[in-house]
Amino acid sequence: MTNSIEITKAKTSKIQDVDFENLSFGKVFTDHMFTCDFKNGEWQKPEITPYAPLTLDPSARVFHYGQAVFEGMKAYKDDAGKVWLFRPEDNLARINKSAERLAMPAFPHDLFMDGLKKLINLDQDWVKPGFGNSLYIRPFVIATEPEIAASPSSEYKFLIICSPAQSYYSGDVRVLVAEQFSRSANGGVGFAKAAGNYAAQFYPTSLANKEGFQQIIWTDANTHEFLEEAGTMNVFFRINDTLYTAPTSERILDGITRKSIIQIAQDAGITVEIRPIKVSEIVEASKNGSLKEIFGSGTAAVVSPISAFSHKGELFEIPKQDDKYSDKFKKLLNGIQYNTLEDPYGWRQSI
Ligand SMILES: Cc1ncc(COP(=O)(O)O)c(C=O)c1O
């Protein structure tokens, strides 16, 4: 394998055609993409090429067995025009952990960092400055070998594509606590960013949407008594001044925003309890007025405050809070991401 990335630049840029004031998430992509094939037991020559459709054999295993993993991360531009990544090595570690569970090969660290930075450097005009504006980065790996045998592929494609994103106001997020469907199980793939984990949530989530809930908070598959995480977010509960979140496990994604919030909260002197949380505790806290906040954490919005949850047909509203932890965490994390605050943790990396 040779590590040097072959770069073919797009002849013209599509950027003039993009309305950056009215972006819908994940629909517009930048001018270039990074690709690298795995064949004969090793990663082949990496390339950056103009963004374009792929040609794959219909028998490629990804179409039949869903052998695919992905990541979600962002680049941010500061007011001086410098572009920053947030904990990118954690995304690489996680895609490789996901890949291992799906019997796929790991992607080399230096090649990932080099490919990522070169790609973003090339497309840096697509990263707009200002809080909320960012470049959403989607690394992913698919099984490309043309053979429909139900066994691991011997050929893969690793890609990175990028999509400009705006901050969006998600409105009032109301959630349904899962009682029937499950997202993951012991020994399963819940901790991995496996494509199929997301497809499996679409149907139960569409049922929840019809009842007026935007998201589901998943519970443990055995008893549905313990709160786990939401569709694309980890979840935090604030009871009085203590913050609670479920421990990560083989069923729960180890969110990078989650662990950053835990660190920031602890350093701010907030007590954080990382332990299994019973739905009944949250119901009780809501009834006795000690439940102050529920929020999701994830790369997309940093934090998404949740205004109400439903459990066993009963709706629990969370009263408005003036001094919200979620606002404080968002401000601090955004400050690190957009280079307006000191980064005592070394999370921010320039491209
Ligand atoms: C299932 C799930 N949980 C949690 C998260 C949040 O993770 P992160 O903070 O790394 O974006 C995501 C998004 O990646 C997710 O898909």
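The following refers to the structure shown. In this text, all values refer to a predicted model and were calculated from it rather than measured experimentally. (Residues numbered from 1 in each chain as written. Predicted model: local features only at pLDDT ≥ 70, side-chain atom pairs only at ≥ 80, totals over all residues. Heavy atoms only, no water.)

Bringing the overall build of the protein into the picture now. Across its full length, the protein carries seven helices and 20 strands. For 351 residues, the compact-globule estimate of 2.2 N^0.38 gives 20 Å, and the C-alpha radius of gyration of the protein, at 21 Å, lies within 12% of that figure. Over its C-alpha atoms, taken along the principal directions, the protein stretches across nearly 60 × 50 × 35 Å. Taking all 351 residues of the protein together, 51% fall into the buried category. In the protein, 71% of the contacts between residues at least 6 apart in sequence involve partners at least 24 apart. Total accessible area on the protein stands at roughly 16100 Å², and carbon and sulfur atoms take up 50% of it. In the protein, which carries 38 positive and 44 negative side-chain charges, the distance between the mean positions of the two groups comes to 1 Å. (Helix = DSSP H or I, 4+ residues; strand = E, 2+ residues; numbered from the N terminus. Rg over C-alpha atoms; globule rule 2.2 N^0.38 Å. Buried < 20%, exposed > 50% of the residue type's maximum accessible area, 1.4 Å probe, protein only. Contact = heavy atoms within 4.5 Å. Areas by Shrake-Rupley, 256 points an atom, 1.4 Å probe, with all protein chains shown as cover. Lys, Arg positive; Asp, Glu negative; His and termini not counted. Charge placed at Lys NZ, Arg CZ, Asp CG, Glu CD.)

Counting residues in hydrophobic clusters, the biggest one holds 51 residues, and the most contacted among them are Phe34, Phe112, Ile137 and Phe158. Those elements that provide at least two residues to this core are strand E2 (32–39), strand E5 (68–70), strand E6 (73–77), strand E7 (83–86), helix H2 (88–101), helix H3 (109–122), strand E8 (134–143) and strand E9 (156–165). If you look at the next biggest cluster of nonpolar residues, it comprises 22 residues, including Val175, Ala230, Ile239 and Tyr244. (Core = buried A, V, L, I, M, F, W, Y, C linked by side-chain atoms within 4.5 Å.)

Neighbouring the ligand are 16 residues, the closest being Lys193, Tyr198, Glu229, Thr257 and Thr299. Taking Lys193, its side chain carries an N or O atom lying 2.6 Å from an oxygen atom of the ligand. Thr257 places a side-chain nitrogen or oxygen 2.6 Å from an oxygen atom of the ligand. Summarising the interface, the protein chains cover 97% of the accessible area of the ligand, which totals 380 Å² for the free molecule. At the level of secondary structure, the elements contributing two or more residues to the shell around the ligand comprise helix H5 (256–267) and strand E17 (291–298). When grouped by side-chain class, the residues that make up the shell around the ligand number four nonpolar, eight polar and four charged. (Near = heavy atom within 4 Å. Polar contact = N/O pair within 3.5 Å; in protein donor to acceptor, adjacent residues only side chain to side chain. Nonpolar A, V, L, I, M, F, W, Y, C, P; charged D, E, K, R; others polar.)

The next subject is the packing of H5 against helix H7 (residues 325–337). Packing of H5 against H7 leaves a shortest axis separation of 10 Å and a crossing angle of 105°. Put simply, H5 runs roughly perpendicular to H7. Two secondary-structure elements touch here, H5 through Thr257, Ser260, Ile261, Ile264 and Ala265 and H7 through Phe329, Leu332 and Leu333. Within the contact of H5 with H7, the residues separate by chemical class into six nonpolar, two polar and no charged. (Axes fitted to C-alpha atoms, helices over the stretch in contact; angles between N-to-C directions. Parallel < 35°, antiparallel > 145°, perpendicular 65-115°, else oblique.)

Across the five residues of strand E12 (residues 226–230), four count as buried, placing the element largely inside the fold. Both strand E11 (residues 215–219) and E12 contribute to a ladder of two bridges, which runs antiparallel. Bridge pairing links Thr219 to Leu227 in E12. Between E11 and E12, which follow one another and run antiparallel, lie six residues, and His224 among them has a positive phi close to 55°. (Pairing = 2+ DSSP bridges.)

Let us now look at the pattern of salt bridges. On inspection of all chains with the given rule, the structure shows 15 salt bridges. For Lys157, the salt bridge is made with Asp37, and the minimal N-O distance between the two is 3.0 Å. Taken as a pair, Lys157 in strand E9 and Asp37 in strand E2 lie far apart in primary sequence, 120 residues in all. On the basis of relative accessible area, Lys157 is assigned to the buried category, the value being 14%. With a relative accessible area of 26%, Asp37 lands in the partly exposed category. Across the salt bridge formed by Glu281 and Arg275, the nearest N and O atoms sit 2.8 Å from each other. A relative accessible area of 25% places Arg275 in the partly exposed class. (Salt bridge = Lys/Arg side-chain N within 4 Å of Asp/Glu carboxyl O.)

Okay, the environment of Leu291 next. Here Leu291 lies in strand E17. When near neighbours in sequence (up to four residues on either side) are disregarded, Leu291 contacts Arg238, Ile239, Ile282, Ala285, Ser286, Phe309, Ile318 and Pro319.

A word on the pairing of E11. Most of E11 sits inside the fold, with four of its five residues counted as buried. For the crossover from strand E10 (residues 173–177) across helix H4 (residues 195–210) to E11, the handedness is right-handed. (Right-handed = clockwise from strand over helix to strand, strands pointing away.)

What follows concerns the packing of aromatic side chains. Applying the stated criterion to the full structure yields 21 aromatic pairs. Ring centres of Phe112 and Phe158 lie 6.2 Å apart, and the angle between their planes is 90°; this geometry places the pair in the edge-to-face category. Highlighted residues: Phe112 in helix H3 and Phe158 in strand E9, separated in sequence by 46 residues. In this structure, Phe112 and Phe158 share a single accessibility class: buried. Look at Phe181 and Tyr203: their rings are 5.9 Å apart centre to centre, the planes differ by 90°, and that puts the pair in the edge-to-face class. Of the two residues, Phe181 sits in the loop between E10 and H4 while Tyr203 sits in helix H4, which places them 22 residues apart along the sequence. When its relative accessible area of 28% is taken as the criterion, Phe181 is described as partly exposed. A connected cluster of aromatic rings, assembled from ring pairs, spans Phe34, Phe38, Trp43, Phe107, Phe112, Tyr156 and Phe158. A cation over a ring is seen here: Lys128 above Phe20, with NZ or CZ 4.6 Å from the ring centre. The ring of Trp84 carries Arg348 above its face, with NZ or CZ at 5.2 Å from the centroid. (Phe/Tyr/Trp six-rings, centres within 6.5 Å; stacked < 30°, edge-to-face > 60°. Lys NZ or Arg CZ within 6 Å of the ring centre and 35° of its normal.)

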